[in-house]
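Listed below, chain by chain, are the residues.
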Amino acid sequence: MIGTAARRRDDDDDRAARPELTLVPTTPAALDGDPGLLCASLALCVVEIIAGARSLDHVARWITDGVAVHLTRRAVIAARARSATGERAMRPRVRIGLPHLCRIDDATVEAVVVVHEPARSRAIAMRLERHRARWRASAITVL
């Protein structure tokens, strides 16, 4: 019993030590200026799109056509899997980690965002490119 209580305390300490990002409602202009905030917001949106809780149209402004096609395929596959098991589309409970950015040049940023769900964690890798004073995702991969 003592070991269990100690283990729970250690787990709580680990959870407290993990950095996480608190997303606040932002304007589109704020997302266009800060690639880190855009990466975190896109990661949350991608998880919700795949879960069937968000429409792809909500992020169309910040992704290229190739990314839209890729996300549409992933969402369709996930929807088929849910219908085969009789699951409903629900908004996932997630915590978004801090984005890790790597600037390739002034117009290109590559990033990884870890999304923590109750059952597992996923990494979402993305590449942002400047397009007319706005950042757009030219590649998104959910690992």
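Further up the page is the structure itself.
Residues numbered from 1 in each chain as written. Predicted model: local features only at pLDDT ≥ 70, side-chain atom pairs only at ≥ 80, totals over all residues. Heavy atoms only, no water.

1. Concerning helix H4 (residues 65-85)
Structural remark: α-helix, 3.6 residues per turn; residues separated by three or four positions point the same way. We count it as follows: Think of it this way: any DSSP run of H or I at least four residues long counts as a helix, any run of E at least two long counts as a strand, and we number them from the N terminus. A helix is expected to span 1.5 Å for every residue after the first. A simple rule labels every residue: compare its accessible area, found with a 1.4 Å probe on the protein chains alone, to the largest value its type can have, and call it buried under 20%, exposed over 50%, or partly exposed in between. To be clear, the arc concerns the directions from the helix axis to the C-beta atoms. Residue contacts follow a heavy-atom distance rule, with two residues in contact if any of their heavy atoms lie within 4.5 Å.
For H4, which comprises 21 residues, the first-to-last C-alpha distance of 31 Å matches the rise-based estimate of 30 Å (1.5 Å per residue) to within 8%. Three or more residues of H4 are buried, namely Val67, Leu71, Ala78 and Arg82. Across the axial projection of H4, the buried residues extend over an arc of 45°, all falling on one side. Facing away from the buried side of H4 by more than 90 degrees, the exposed set consists of Asp65, Gly66, Arg73, Ile77, Arg80, Ser83 and Ala84. Of the surrounding elements, those touching the buried residues of H4 are helix H3 (35-51) and strand E5 (135-142). Glycine 86 sits one or two positions beyond H4 and adopts a positive phi of about 80°.

2. Focus: the environment of isoleucine 96
With respect to the helices, strands and loops of the structure, isoleucine 96 is situated in strand E1 (residues 95-96). Along the chain, isoleucine 96 and alanine 43 lie 53 residues apart, while their C-alpha atoms are 7.7 Å from each other.

3. Some words on unusual backbone geometry
Note: most peptide bonds trans; most residues except glycine with negative phi. Even without being a glycine, arginine 132 presents a positive backbone phi close to 55°. Positionally, arginine 132 belongs in the loop between strand E4 (121-130) and E5.

4. Thoughts on the pairing of E5
Quick note on the threshold: Two strands form a pair only when DSSP identifies at least two bridges running between them.
In this structure, E4 lies alongside E5, joined through seven bridges in antiparallel fashion. Bridge pairing in E5 places methionine 126 opposite isoleucine 140. Taking the residues that link successive antiparallel strands as the turn, the E4-E5 hairpin has four residues, and the phi of arginine 132 there is positive, at about 55°.

5. Observations regarding the pattern of salt bridges
We apply this condition: In what follows, salt bridge is the name for a side-chain nitrogen of Lys or Arg lying within 4 Å of a carboxyl oxygen of Asp or Glu.
All chains considered together, the criterion is met by five salt bridges. Between arginine 127 and glutamate 110 there is a salt bridge, and its shortest N-O distance comes to 2.4 Å. Here the residue arginine 127 occupies a position in strand E4, and glutamate 110 occupies one in strand E3 (residues 108-116), the gap between them amounting to 17 residues. Accessibility expressed as a relative area gives 27% for arginine 127, which makes it partly exposed. A residue is classified by how much of its surface remains accessible, and glutamate 110, at 33% relative accessible area, is partly exposed. With a shortest N-O distance of 3.2 Å, glutamate 117 and arginine 122 are connected by a salt bridge. Taking relative accessible area as the criterion, glutamate 117 reaches 21% and is therefore assigned partly exposed.

6. Here we look at the packing of H3 against H4
Convention followed: As a rule, the C-alpha atoms of each element are fitted with a line to give its axis, helices using only the stretch in contact, and angles between N-to-C directions run from 0 to 180 degrees. Any angle between 65 and 115 degrees counts as roughly perpendicular, while under 35 counts as roughly parallel, over 145 as roughly antiparallel, and the rest as oblique. Charged means Asp, Glu, Lys or Arg here, nonpolar means Ala, Val, Leu, Ile, Met, Phe, Trp, Tyr, Cys or Pro, and polar covers whatever is left, Gly included.
Viewed as axis vectors pointing N to C, H3 and H4 meet at an angle of 45°, and their least axial separation amounts to 7 Å. Accordingly, the angle class assigned to the pair H3 and H4 is oblique. Facing Val46, Ile49, Ile50 and Ala51 of H3, the residues of H4 in contact are Leu71, Arg74, Ala75, Ala78 and Arg82. A per-class count over the contact of H3 with H4 returns seven nonpolar, no polar and two charged.

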